[in-house]
Amino acid sequence: MNQKKKYDYLIVGAGLFGAVFAYRANKAGKKCLIIDKRSHIGGNVYCENINGINVHKYGAHIFHTSNKIVWDFVNSIVDFNRYTNSPIAIYKDQLYNLPFNMNTFYAMWHTKTPESTLAVLESQRKDALDALEGRTPDNLEEQAMALVGKDIYEILIKGYTEKQWGRPCNELPAFIIKRLPVRFTFDNNYFSDKYQGIPVGGYNVLVERLLSGIETKLNCNFFDNRLELEQIAEKIVYTGPIDEYFNFAFGRLEYRTVSFEMEELSCPNYQGNAVVNYTDIEIPYTRIIEHKHFEMFGDDVYSVKSTVISKEFSTEWSPGMEPYYPINDERNTRLFAKYKSMASDNDNVIFGGRLADYRYYDMDVVIWNALNAKI
Ligand code: FAD
């Protein structure tokens, strides 16, 4: 007779997928052990507190969703603040609001009405379409010009995209940009989702509460003790890289990554906004994040005398680096399909989260998937 194992679930990875799954399983009376190879819980939403400022260690995270079930769920765990993402772009010392809206166009063309703005935009689009002489765009540069014309492309898209991908826009495929939304209102709210904000007290509070009362082991890499760990639970929830689970049997999946240069500055307010994009190719970084603005508003900004900024550099990935953005090209798509088919044959393991699904997911999607995973 088979003896019942010590745990119902071994959950590999204490990111949002693992934490939400563990929370639900625990509520359902299941005994869980959650492990993470890092020294902290939270996965990529983890924040390091520096002088009272929550620093988003793995890149700026802004929670936004239109999914009311997800929004109600996260709010049942922690309150969210009123942060609204309204990034600024800097190009050759000029400031522009993002996303592209009437404030942006006023700075660019001095147009003050939707009608006069549309006229400029349409005339620039027409020039780009005329240059194509009926062809469909061959590359990202042609595609972007056909969608929004020369000025927006050159000032706000070209340099930023070339830094992001490490290649000239005229060598990048057109399909990367499908739509470039343009707003004819004075609305700097980047997301069009119904709900957005940052957990009050930071993301760590959300994850700590999800994992409250659940046995957690940090600095514990599943692959260092695989045989033993596979024996201690009835089922495994695996949220690490799918290719690693199968010992890279078909080869490695590839990513793009970001490196961060963090600086503590002795001024209270460096750039006056959480997110500032540098769209000029001459500046090597893509963005500067000033973390305090995610959680401190108005005069509150001055309640902490220092500030922390991170410069973001888009970087080529190699094994050992943080795997951030999956590459959806033909090779990687084919490879993932092979791993996925091996995973579907495995009834004892639930694969979930961004690394096991090899997909870029926003946080709300990961939470939704974890809320819907079968327990
Ligand atoms: P992760 O957070 O990566 O968690 C997986 C965990 O598994 C990690 O802690 C890892 O250490 C652990 N693990 C892996 N292998 C092992 C192993 N062998 N043994 C033990 N543990 C292991 N989403 C938004 O909605 N808004 C944003 O503004 C936003 N900004 C982002 C910015 C960047 C730079 C990136 C890369 C992503 C951003 N996202 C954002 C997406 C967001 O980070 C993810 O949706 C979410 O964090 C994924 O959660 P996860 O649990 O799937 O993965």
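So, the overall build of the protein chain
Looking only at helices and strands, one finds eleven helices and 16 strands in the protein chain. By principal-axis analysis of the C-alpha atoms, the protein chain measures approximately 80 × 55 × 35 Å. Looking at the 375 residues of the protein chain, the share that counts as buried comes to 51%. In the protein chain, 42 side chains carry a positive charge and 48 a negative one; their mean positions are 6 Å apart.

Describing helix α2 (residues 68-77)
What α2 keeps buried is the set V70, W71, F73, V74 and I77. Around the axis of α2, the buried residues are gathered within 160° of arc, so they sit on the same side. Relative to its buried face, α2 has exposed residues pointing more than 90 degrees away, namely I69 and S76. Contact partners of the buried residues in α2: α1 (16-27), β5 (63-65), β8 (195-197), α6 (203-210) and α11 (363-372). A side-chain oxygen of the first residue of α2 lies 3.0 Å from the backbone nitrogen of I69; this N-cap is N67.

What about the domain arrangement of the protein chain?
The domain boundaries assigned to the protein chain delineate domain 1 (7-83 + 193-252 + 328-372) and domain 2 (88-176). Taking only C-alpha atoms into account, the centre of domain 1 sits 37 Å from that of domain 2.

Side note on the environment of I327
Locating I327 in the fold gives a position in the loop between β15 (325-326) and α9 (330-344). Looking at I327, the relative accessible area reads 21%, which means it is partly exposed. Separated by 89 residues in sequence, I327 and Y238 place their C-alpha atoms 21 Å apart. The contacts of I327, once residues within four sequence positions are left out, are E254, Y255, R256, N332 and Y358.

A word on the packing of aromatic side chains
Counted by the stated rule, this structure contains 29 aromatic pairs. Between the aromatic rings of Y255 and W317, the centroid separation amounts to 5.3 Å while the plane-to-plane angle is 65°, which identifies the pairing as edge-to-face. Placement of the pair is Y255 in strand β11 (residues 255-265) and W317 in the loop between β14 (307-316) and β15, with a sequence separation of 62 residues. The pair Y255 / W317 is uniform in exposure class, with both members buried. Members of the aromatic cluster, each reached through a chain of ring pairs, are F222, F223, Y238, Y245, F246, F250, Y339 and F351.

Quick notes on the sheet that holds strand β1 (residues 7-12)
Taken together, five strands build an open sheet; the order of strands is β9-β2-β1-β10-β16 and the sheet is parallel. On the outer flanks of this sheet lie β9 (215-217) and β16 (349-351), each paired with one strand and no other. Taking each pair of neighbouring strands and ignoring which way they run, the sheet shows an average axis angle of 20°. Looking at chain direction, β1 and strand β10 (residues 233-238) are connected through five bridges and run parallel. Among the inter-strand pairings, V12 is bridged to a residue of β10, identified as Y238. Contacting β1, β2 (32-35), β10 and β16, α1 crosses the sheet at an angle of about 170° to β2.

Focus: the pairing of β2
By the alternation rule, side chains of β2 split into C32 and I34 and L33 and I35, which are all buried. Taken together, β1, α1 and β2 form a β-α-β motif whose crossover is right-handed. Relative to β9, β2 runs parallel, the two sharing three bridges. Bridging from a neighbouring strand, I35 pairs with K217 of β9.

Here we look at the site of the ligand
Close to the ligand lie 32 residues, the nearest being D36, H61, I62, Y361 and M363. Within the backbone of A60, a nitrogen or oxygen atom sits 3.1 Å from a nitrogen atom of the ligand. Expressed as a share of its isolated accessible area of 1,000 Å², the protein-covered part of the ligand is 96%. Among the secondary structure elements, those contributing two or more residues to the shell around the ligand are α1, α10 (353-356) and α11. The greatest single-element share of the shell around the ligand, amounting to three residues, is contributed by α10. Tallied by class, the residues present in the shell around the ligand amount to 18 nonpolar, nine polar and five charged.

Reading the values: the criteria
- Residues numbered from 1 in each chain as written.
- Predicted model: local features only at pLDDT ≥ 70, side-chain atom pairs only at ≥ 80, totals over all residues.
- Heavy atoms only, no water.
- Helix = DSSP H or I, 4+ residues; strand = E, 2+ residues; numbered from the N terminus.
- Buried < 20%, exposed > 50% of the residue type's maximum accessible area, 1.4 Å probe, protein only.
- Lys, Arg positive; Asp, Glu negative; His and termini not counted.
- Charge placed at Lys NZ, Arg CZ, Asp CG, Glu CD.
- Arc of directions from axis to C-beta.
- Contact = heavy atoms within 4.5 Å.
- Polar contact = N/O pair within 3.5 Å; in protein donor to acceptor, adjacent residues only side chain to side chain.
- Domains from an automatic or database assignment.
- Phe/Tyr/Trp six-rings, centres within 6.5 Å; stacked < 30°, edge-to-face > 60°.
- Pairing = 2+ DSSP bridges.
- Axes fitted to C-alpha atoms, helices over the stretch in contact; angles between N-to-C directions.
- Right-handed = clockwise from strand over helix to strand, strands pointing away.
- Near = heavy atom within 4 Å.
- Areas by Shrake-Rupley, 256 points an atom, 1.4 Å probe, with all protein chains shown as cover.
- Nonpolar A, V, L, I, M, F, W, Y, C, P; charged D, E, K, R; others polar.

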